[in-house]
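Chains, contacts and geometry: an overview
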Amino acid sequence: MSFEEITPSEFFYRNRDLAGFTNPTRSLYFTVRELVENSLDSCESKGIKPELFVSIAIDGSEQQEEPRFYDVMVQDNGGGIPRRHLADAFGRVFYGSKFKLKQSRGMFGLGVTMAVLYGQATTNRPAFVASSVSGQRYYGYQLKIDVEKNRPVILRKFEGRAVGWRGTLVAVTVLGDYQRAESKIISYLEQTAMAAPYVTMIFRGPRGEDLRFHRVTDFMPKPPHEILPHPLGVDIEMLKKMIRAWKDRGDLAHFLTRSFQRVGGKTVQKLLERIDIPGSMEPGKLSEDQLQGLMSAIKSYEYFLPPDPSGLSPLGADLLEAGVRRMLNPEFLTISVRKPSAYGGHPFTVEVAVAYGGPRLKPGITVFRLANRIPLLYDESSDVTWKVLNNMDLSGYRIRSEHPIGVIVHICSTRVPYKTVGKEYIADRPEIEREIRLALRDAFRRLRVYLSRKETMAYRKKRASTYSKYLPLIAKFAAGLVGAKKPPPYEDLIPTLEREVLLVEEAA
Ligand SMILES: Nc1ncnc2c1ncn2[C@@H]1O[C@H](COP(=O)(O)OP(=O)(O)OP(=O)(O)O)[C@@H](O)[C@H]1O
Ligand SMILES: [Mg+2]
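Residues numbered from 1 in each chain as written. Chains lettered and ligands numbered in written order. Predicted model: local features only at pLDDT ≥ 70, side-chain atom pairs only at ≥ 80, totals over all residues. Heavy atoms only, no water.

Considering the overall build of the protein
Spelled out, the test is: Numbered from the N terminus, helices here are DSSP runs of H or I no shorter than four residues, and strands are runs of E no shorter than two. Between buried and exposed lies partly exposed: a residue is buried under 20% and exposed over 50% of the maximum accessible area for its type, with that area taken using a 1.4 Å probe on protein chains only. Neither His nor the chain ends is counted toward charge; the positive residues are Lys and Arg and the negative residues Asp and Glu. Where a charge sits is defined by one atom per residue type, namely NZ (Lys), CZ (Arg), CG (Asp) or CD (Glu).
For the protein, the helix and strand inventory stands at 13 helices and 14 strands. Reported as C-alpha extents along the three principal axes, the dimensions of the protein are approximately 110 × 70 × 55 Å. In the protein, which comprises 508 residues, the share counted as buried stands at 49%. Taken together, the 74 basic and 59 acidic charged side chains of the protein have centroids lying 4 Å from each other.

And the structure:
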């Protein structure tokens, strides 16, 4: 028997399906997505209004058929990456700046490295990355990843004057199938513009497509704060890691109050009383049994306040409305924004928009799923939102199958419970399910009012047109019956009926 160990790069190189890089279609889509996501995170974390240039071009002309090589490039005006981190950020799996507890699109330190790895595996081409933090100089690398060492290999270095440009540029060559991926990529960009209406994005496609999304608002959601972990959000391994990081900066009581949110002096006292450990003990000296005892005491403690929601950055009703209007321009739109809630020690919040009619929606319910402002486009049927919708009695809200309805569900969390590292669908945690259900109910109630007004209106319109058709005949007939020469004056009646219809229309 022979044993060996592999690095994270090698693991994901072999199992790229786990990160969504399944086939040339999906991989091209994911490459665009990972690059765009990172650019937006970088702008938003610095409060910069994002301006992105996204391009996909055919690489070389010798391959006529799909799949073929595509050059994917994204340039942003974000905060940039300092030179000392630049190569590692793109050339090492699990190297990132977003392991902190605050809402961001990125979570794993994996996304862009997967795009580089996938490109390298399918085309044997290096990636090109360049960045400027200062706006004075930019630094760039042509690099590949040494999969066995999980390290970047720098092939060429570049450096020059940035002439005022701050931000990052990433270019990779990948094997892709644009013909099949096109609609997903366009939907992704459109929905990204919906989830972030303050973004300006220009997209150049391989067939000369030129799509422009201009920001429709100058307002951005407030950037989230970094928060400490909630005690219910950690397990024993994490507790040990935190104790190691604490070193010897103070006793156990100090460690607990400083390392966790929602843990004050009184809470520490009550917790430690339950397990009979003195607060003056050094955290590093806790035995395995004591650590276990502390963890169980935390898990069974009933009085923690729910997690601090300041790590969240929801869109809010106005921005969500602006985004949905820009994309769907619906006839009717209602928004329902829930207060922050929590699952397993992680804060989250749900925002829902329900749209009816307009030029884009087709008959039936179309669901748009967003998580931390990322549109989720694959594996829709496995997602929690459909589970909730399938368990609701929609006819109770006067929703019929021919109605063109859009349901937009945005979940924000410091830790979105994705089912895979490909970040495509959300696990059905009961707490999240509940919040989605309540938000949908609230929005559907308002939709019901609108739909019933619409129905009444249609009914009255029909009635009015029936009257105007038959009234002259009835009048004539009545005149004939009584032997009058002229029918009675019925003309005044018709405008009254039409006015009634107008009034109802205005009320709606
Ligand atoms: N356009 C960019 N601007 C600034 N920093 C960037 C940019 N792209 C990548 N980075 C840095 O590189 C790191 C690695 O990116 P990567 O996409 O691999 O991971 P992530 O975004 O942290 O998490 P995820 O795996 O969920 O995408 C990021 O954490 C970020 O610090
Ligand atoms: Mg990322």
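There's plenty left to go through after this.
Some points on the nonpolar core
Keep this limit in mind: Only buried residues count toward a nonpolar core, which is a set of Ala, Val, Leu, Ile, Met, Phe, Trp, Tyr and Cys residues joined through side-chain atoms within 4.5 Å. Residue ranges for the domains originate in an automatic or database domain assignment.
By size, the foremost hydrophobic cluster in this structure holds 107 residues, and its most contacted members are I185, L440 and F444. Counting only domains with at least three residues in this core, you end up with domain 1 (8–213) and domain 3 (310–446). Membership of the second largest hydrophobic core comes to 24 residues, among which are V234, L272, M295 and A297.

Focus: the packing of aromatic side chains
Here is the rule we go by: To pair, rings of Phe, Tyr and Trp, with the six-membered ring standing in for Trp, must have centres within 6.5 Å; the planes then decide the type, stacked if under 30 degrees apart, edge-to-face if over 60, and tilted in the middle.
Applying the stated criterion to the full structure yields 18 aromatic pairs. With 5.8 Å between their ring centres and 85 degrees between their planes, Y29 and Y188 make a pair best called edge-to-face. Here Y188 lies in helix α5 (residues 178–195) and Y29 lies in helix α2 (residues 24–45), a separation of 159 residues in the sequence. As far as burial versus exposure is concerned, Y29 and Y188 are alike and both buried. Seen in terms of ring centroids, F332 and Y450 are 4.5 Å apart; in terms of plane orientation they differ by 10 degrees. Their pairing is stacked. One end of the pair, F332, is in strand β9 (residues 332–337); the other, Y450, is in helix α12 (residues 430–482), and 118 residues separate them in sequence. We note that F332, like Y450, is buried.

Things to note about the side chain of S132
Worth spelling out the cut-off: Any pair of nitrogen or oxygen atoms within 3.5 Å is treated as a polar contact; in protein, a donor-acceptor pairing is required on top of that, and neighbouring residues in sequence qualify only through side-chain atoms on both sides. It only takes one pair of heavy atoms within 4.5 Å for two residues to be counted as in contact.
Looking at the element boundaries, S132 is found in strand β3 (residues 127–132). Here the side chain of S132 touches G135 through a polar contact of 3.0 Å, landing on its backbone nitrogen. In this view, S132 contacts G79, G80, R137, Y138, A162, W165, R166 and G167; residues no more than four positions away in its chain are not counted.

Describing a nonpolar patch on the surface
How we decide: Only residues whose relative accessible area exceeds 30% and that form no salt bridge are eligible for patches; like-charged ones are grouped when within 9 Å, while nonpolar side chains (Val, Leu, Ile, Met, Phe, Trp, Tyr) are grouped when within 5 Å. Only the protein chains shown count as cover for residues, with accessible areas throughout obtained via the Shrake-Rupley method and a probe of 1.4 Å. Salt bridge, as applied in this entry: a Lys or Arg side-chain nitrogen positioned within 4 Å of an Asp or Glu carboxyl oxygen.
A surface patch of nonpolar side chains, amounting to about 310 Å² of accessible area, comprises Y470, L473 and I474. Residue position: I474 is located in helix α12.

Side note on the site of ligand 1
The criterion, for reference: Residues are classed as near a molecule or strand on a simple rule: at least one heavy atom within 4 Å of it.
For ligand 1, the set of nearby residues contains 23 residues, the closest of which are S97, K98, M107, L110 and K423. Take S42: an N or O atom from its side chain is 3.4 Å from a nitrogen atom of ligand 1. Burial of ligand 1 by the protein chains amounts to 95% of its free accessible area of 600 Å². Elements that contribute at least two residues to the shell around ligand 1 include exactly α2, α3 (83–91) and α4 (111–123). Here the shell around ligand 1 gets four residues from one element, more than from any other, and that element is α2.

A closer look at the domain arrangement of the protein
Entries for the protein in the domain assignment read domain 1 (8–213), domain 2 (231–300), domain 3 (310–446) and domain 4 (451–507). For domain 1 and domain 4, the distance between their C-alpha centroids amounts to 64 Å.

So, the pairing of β3
Worth spelling out the cut-off: Here the rule is simple: two strands pair whenever DSSP picks up at least two bridges between them.
Judged by how many residues are buried, β3 sits mostly within the fold: five of six residues are covered. Bridge count for β3 against strand β4 (residues 137–146) is five bridges, and the pairing is antiparallel. Directly across from A127, in β4, lies its bridge partner L143. Here β3 folds back onto β4 in antiparallel fashion, the turn holding four residues, of which G135 has a positive phi close to 85 degrees. In terms of strand pairing, β3 meets strand β6 (residues 167–176) through five bridges, oriented antiparallel.

Comments concerning the sheet that holds strand β7 (residues 200–204)
Convention followed: Orientation is described by axes fitted as lines to C-alpha atoms, over the contacting stretch for helices, and by angles from 0 to 180 degrees between their N-to-C directions.
A sheet is described by the order of its strands in space; here eight strands give the open sequence β5-β4-β3-β6-β2-β1-β7-β8, paired in mixed fashion. Sheet topology places β5 (151–161) and β8 (210–213) at the edges, where each strand pairs with a single neighbour. The mean inter-strand angle of the sheet, taken between neighbouring strand axes irrespective of direction, is 15 degrees. Examined bridge by bridge, β7 and β8 share four bridges and lie antiparallel to one another. What sits directly across from R204, in β8, is D210. Packing of α3 onto the sheet brings it into contact with β3, β4, β5 and β6, and relative to β4 it is tilted by some 35 degrees.

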